[in-house]
Amino acid sequence: MNRLLLSVLALIALSVCCEGHSDIDLPSGKIINGMPATIEQHPYQVSVQTLLGPHFCGGALIKENFVLTAAHCVEGRSALELKVRLGSTSWAYGGKVVLVKSINVPNDYNSDTLDSDVAVLKLIFPVILTSKIRTIELAVSEPVAGTNAVVTGWGNTVENVPSGSLNLQAVEVPIVDRADCGTSYNPFRSITERMMCAGTAGRDACQGDSGGPLVANGQLVGVVSWGYGCARPNYPGVYSSVPALRSYITQVTGL
Ligand code: ARG
């Protein structure tokens, strides 16, 4: 293998993953190009936080006592050190804060490939649903390519810059055909059957949005998982596919 290919591989490996990661310095796209949103518009959105610390990942309320997030968000963490904030447009104050009782991750979650990147957090008690705290239904099938979906979160608004937003942001992103997405990421990463892609140049999720919801037709279709940088042309955001992982999620939650 030649050196150039090796260094490109290394750069990609460095930049595809995860929160807290320092990305390489390449042109930035600028929830990139989103709009401020309110929790009433996305009442299923939650912020996953450490007990004393700030927001670090998003999540979605799928049952009164269960939150769906990304497995890579909670890897190496114990339920005891987590809390979620629900029902607030700001991740930092307001709404309700609930502790986490247990973390459930599918056996086939792979932290290298990010295959099956979902985690189901069981809350210590069921929350009371209001206009700001609502569950979202799990999609049964993946929307066809071109369908508009919306991704929300408090993550970075500029790639490579700690630019997380205090106010929830939302951006509309088109679902991208899985095979086309696979071609974009080939040969560096593979897009498995448990992944879905969405986004277009300039519109994407970014660091800090992980675990958050991708919603189409009022249903939860994806969980923010990874991407090459953020909002770069030809590199859509990659999501864990809720339809593909549905049976695991329903088994844990009894949904
Ligand atoms: N892994 C990132 C996180 O932990 C999410 C990256 C999503 N990137 C993207 N381009 N859609 O917050």
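Residues numbered from 1 in each chain as written. Predicted model: local features only at pLDDT ≥ 70, side-chain atom pairs only at ≥ 80, totals over all residues. Heavy atoms only, no water.

> In this structure, what is going on with the environment of valine 221? I would like to understand it.
Mapped onto the elements of the fold, valine 221 is located in strand 13 (residues 219-226). Once the C-alpha coordinates of valine 221 and valine 150 are considered, the two residues, 71 residues apart in sequence, prove to be 9.9 Å apart. Ignoring any residue separated from it by four or fewer positions in sequence, one finds valine 221 in contact with Ala139, Pro143, Met196, Leu214, Val215, Ala216, Ser240, Ser241, Val242 and Pro243. (Helix = DSSP H or I, 4+ residues; strand = E, 2+ residues; numbered from the N terminus. Contact = heavy atoms within 4.5 Å.)

> Honestly, the packing of aromatic side chains in this entry has me stumped. Any pointers?
Working definition: an aromatic ring pair is given by the centre-to-centre distance plus the angle between the planes. With the rule as written, the count across this model stands at three aromatic pairs. Seen in terms of ring centroids, tyrosine 185 and tryptophan 226 are 4.9 Å apart; in terms of plane orientation they differ by 65°. Their pairing is edge-to-face. Here tryptophan 226 lies in strand 13 and tyrosine 185 lies in helix 3 (residues 178-185), a separation of 41 residues in the sequence. With relative accessibility at 1%, the residue tyrosine 185 sits in the buried group. (Phe/Tyr/Trp six-rings, centres within 6.5 Å; stacked < 30°, edge-to-face > 60°. Buried < 20%, exposed > 50% of the residue type's maximum accessible area, 1.4 Å probe, protein only.)

> Looking at this structure, how should I read the nonpolar core?
One broad rule of soluble globular proteins: the nonpolar side chains tend to lie buried together. Residues Leu61, Leu68, Val84, Leu86, Leu123, Leu220 and Ile249 are the most contacted members of the largest nonpolar core, which totals 36 residues. For this core, the leading source of residues is strand 3 (residues 55-63), giving five residues. Leaving out residues up to four positions away in the same chain, leucine 220 has contacts with Ala60, Ile62, Leu68, Ile136, Glu137, Leu138, Ala139, Pro213, Leu214, Val215 and Val242. Counting residues in hydrophobic clusters, the runner-up holds 15 residues, among them Val151, Val173, Leu214 and Tyr239. (Core = buried A, V, L, I, M, F, W, Y, C linked by side-chain atoms within 4.5 Å.)

> Whenever I open this one, the environment of glutamate 81 confuses me. Can you help?
Within the secondary structure layout, glutamate 81 lies in the loop between helix 2 (71-74) and strand 5 (82-86). The class of glutamate 81 is partly exposed, set by a relative accessible area of 31%. Taking the C-alpha atoms as reference points, glutamate 81 and leucine 51, 30 residues apart in sequence, are found 5.2 Å from one another. Dropping the residues within four chain positions of it, glutamate 81 is found in contact with Gln49, Thr50, Leu51 and Gly76.

So far we have only geometry, and geometry alone does not tell us how the molecule works.
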